[in-house]
Amino acid sequence: MLVNMRYTEHLVLSGIVNGAFLFILYTNFHVDIFRAELIVPLVGTFYIFSILPDIDHSKSHASGILNLFLMCLFGFSAFNFYRTFNPLDLAKIIIATAIFIVHVKYSENSRLHRKFPHTFTFGIVACLLLYFLANSMLVCMVGAISFFTHILSDGYVIRAIEKDRTLWRLAGSRITAIKNRISKRKGF
Ligand SMILES: [Zn+2]
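What counts as what
- Residues numbered from 1 in each chain as written.
- Predicted model: local features only at pLDDT ≥ 70, side-chain atom pairs only at ≥ 80, totals over all residues.
- Helix = DSSP H or I, 4+ residues; strand = E, 2+ residues; numbered from the N terminus.
- Expected span 1.5 Å × (residues − 1).
- Contact = placed C-beta atoms within 7 Å.
- Buried ≥ 20, exposed ≤ 12 C-beta atoms within 10 Å, placed from the backbone.

Chemist: An account of helix α3 (residues 61-84) is requested, with residue identities and associated values reported.
Modeler: Because an α-helix completes one turn every 3.6 residues, residues spaced three or four positions apart along the sequence face the same direction. If you check α3, its first and last C-alpha atoms are 34 Å apart, about what 24 residues at 1.5 Å a residue would give, namely 34 Å. Considering only its buried residues, α3 is in contact with α2 (36-51) and α4 (87-106). Just beyond α3, the residue with positive phi is Phe 85, at close to 55°.

Chemist: Can you break down unusual backbone geometry residue by residue, with the values?
Modeler: With a phi angle near 55°, Phe 85 is a residue other than glycine that sits in the positive phi range. Among the structural elements, Phe 85 can be located in the loop between α3 and α4.

Chemist: So what's going on with the environment of Thr 121? Residues and values would help.
Modeler: Within the secondary structure, Thr 121 is located in helix α5 (residues 120-134). According to the C-beta neighbour criterion, Thr 121 is partly exposed, with 16 such atoms within 10 Å. With 11 residues separating them in the primary sequence, Thr 121 and Ser 110 have C-alpha atoms 22 Å apart. In this structure Thr 121 touches Asp 164 and Leu 167, once residues within four positions along its chain are discounted.

And the structure:
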């Protein structure tokens, strides 16, 4: 059964699961999660990844945070570019604008908004990026738990797996087609 949850409900459910996970690590394995360099990325990851799949809904809290981030990036980069004419700032302005346009075109304000961000393929890619950014397996695990809890509480696990299978089947057939084209060109 599909469930439409508000972002606060996602945060509460994910908070309970992550809280239990971190409590076990803290009490049984003596992982000091309250170190400043760990608690900040942990809380940030929990917050973002618990609501991340709803980035495909144009009116969601996740989309609001993305738009705020893009606005800040655009504003700061435009200000810096005006002062220093650094081409890197111009690149940031272009990237922020491009992401904004893609998001406006891709996201939907409807009950049928669930697309690629509601698949485990997206979740794995996001967690891999997170691992490279935070360089911490624990932060990555909190990201994975938060993402999975979101899909689970949406009642979307089976549908997400079906979408993943379709996606991978499509990717597989594209790779086979490319391989065939290359071998034909080589005259095999
Ligand atoms: Zn959702």
